[in-house]
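Descriptive analysis of the structure
For reference, the chains in residue letters:
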Amino acid sequence: MARKDAILNLKAILVRRRDALRSALAGDLSLLKELRSGEPGDVMDAALDSAQDEISSQLAEVESRELASIEHALERMRDGDYGLCEVCGGKIPMARLNALPYATICIDCQREIERTGMSAASLREEAEMVSDEEEVDVS
Ligand SMILES: [Zn+2]
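So, here's what we can say about the structure. (Residues numbered from 1 in each chain as written. Predicted model: local features only at pLDDT ≥ 70, side-chain atom pairs only at ≥ 80, totals over all residues. Heavy atoms only, no water.)

Description of the environment of E63
Which entries qualify depends on this criterion: Each helix is a run of DSSP H or I of at least 4 residues and each strand a run of E of at least 2, with the numbering of both proceeding from the N terminus.
In this fold, E63 is placed in helix α2 (residues 43-79). Separated by 38 residues in the primary sequence, E63 and L25 place their C-alpha atoms 7.3 Å from one another.

Pasting the structure below:
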């Protein structure tokens, strides 16, 4: 399959996933509201409720983070930048995109981010500074 077709395929997957996450998150919120408006039960019920609340809010956090990543990837598809690393501008291999369709950073840069603890934006700034210096050296 050509890279372009493979990306279109991933777009369909991302859109479906985004819609599923959106409704899950909307569902979570309405469930939380129901819990709050309910009559307070005994101590055991309250403990269970708060544990349940905590799990729901942790899940919601993971889901909203994934949703943000997906929306970001779809934005890059619209701009025609999808599949290019946000840090170094290199092509992200299809294998990585298939495994993680909302990846916007190549494995090398991802490792660098994990190693240095820097954000993608500051790592990119540093990469741009280095390439500016290289240009100066050449001229
Ligand atoms: Zn990269």
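Here's the deal with the coordination of the zinc ion
Heads up, the rule is: Here the term donor refers to an N, O or S atom within 2.8 Å of the metal (or 3.2 Å for Na, K and Ca), and because water is left out of the atoms, sites may appear incomplete. Angular criteria define each label, namely tetrahedral for four donors with all angles between 85 and 135 degrees, square planar for four and octahedral for six donors with opposite donors over 155 degrees apart and remaining angles between 65 and 115, and irregular for whatever fails these tests. Exposure categories follow from relative accessible area, calculated using a 1.4 Å probe and restricted to protein chains: below 20% of the type maximum is buried, above 50% is exposed, and the middle band is partly exposed.
The zinc ion binds to the protein through C85 (SG), C88 (SG), C106 (SG) and C109 (SG), with metal-donor distances spanning 2.3 to 2.4 Å. Geometry at the zinc ion is tetrahedral, judged from its four donor atoms and the angles of 105 to 115 degrees they form at the metal. Summarised as a motif, the one-chain spacing of the donors to the zinc ion is C-x2-C-x17-C-x2-C. With C85 in the loop between α2 and α3 (94-99) and C109 in helix α4 (residues 107-116), this pair connects stretches of sequence that are 24 residues apart. Of the two residues, C85 and C109, neither departs from the other in class, the shared state being buried.

Quick word on the layout of surface pockets
Where we set the bar: Cavity and pocket criteria rest on a 1 Å grid covering protein atoms alone: a 1.4 Å probe that fits but cannot get out defines a cavity, protein on both sides within 12 Å along at least 5 of 7 lines defines an open pocket, and an atom within 4 Å of a point defines a lining residue. Grid points are joined across faces, edges and corners, and a volume is the space filled by probe spheres set on the points. Three categories are distinguished: nonpolar for Ala, Val, Leu, Ile, Met, Phe, Trp, Tyr, Cys and Pro, charged for Asp, Glu, Lys and Arg, and polar for the others, with Gly belonging to the last.
By volume, the largest pocket amounts to about 150 Å³. Forming the boundary of the largest pocket are K4, I7, L8, K11, L74, M77, R78, G80 and Y82. Of all the secondary-structure elements, those providing two or more residues to the lining of the largest pocket are α1 (3-37) and α2. Across the lining of the largest pocket, the residue classes tally to five nonpolar, one polar and three charged.

Things to note about the environment of L21
Applied cut-off: Contacts between residues were defined by any pair of non-hydrogen atoms, one from each residue, lying within 4.5 Å.
The topology assignment puts L21 in helix α1. Between the C-alpha atoms of L21 and I70, which are 49 residues apart in sequence, the distance is 9.9 Å. Beyond its immediate chain neighbours, meaning those up to four positions away, L21 contacts E63, E66, L67 and I70.

So, the pattern of salt bridges
Where charged atoms from two side chains of opposite charge come close, those side chains can pair. Which entries qualify depends on this criterion: For this document, the term salt bridge refers to a Lys or Arg side-chain nitrogen within 4 Å of an Asp or Glu carboxyl oxygen.
Following the criterion strictly, the structure yields six salt bridges and no others. Among the salt bridges present, the one from E66 reaches R17, with a minimum N-O distance of 2.7 Å. Here R17 lies in helix α1 and E66 lies in helix α2, a separation of 49 residues in the sequence. The salt bridge partner of D19 is R18, with a shortest N-O separation of 3.4 Å.

Some remarks on the side chain of R76
Note the threshold: Residues adjacent in sequence count toward polar contacts only when both atoms are side-chain atoms; beyond that, a polar contact is any pair of N or O atoms within 3.5 Å, and within protein one must be able to donate a hydrogen and the other to accept it.
Looking at the element boundaries, R76 is found in helix α2. Only 2.8 Å separates the side chain of R76 from the backbone oxygen of L84, close enough to count as a polar contact. Not counting the four nearest positions on each side in its chain, R76 is found in contact with D81, Y82, L84, C85, E86 and T104.

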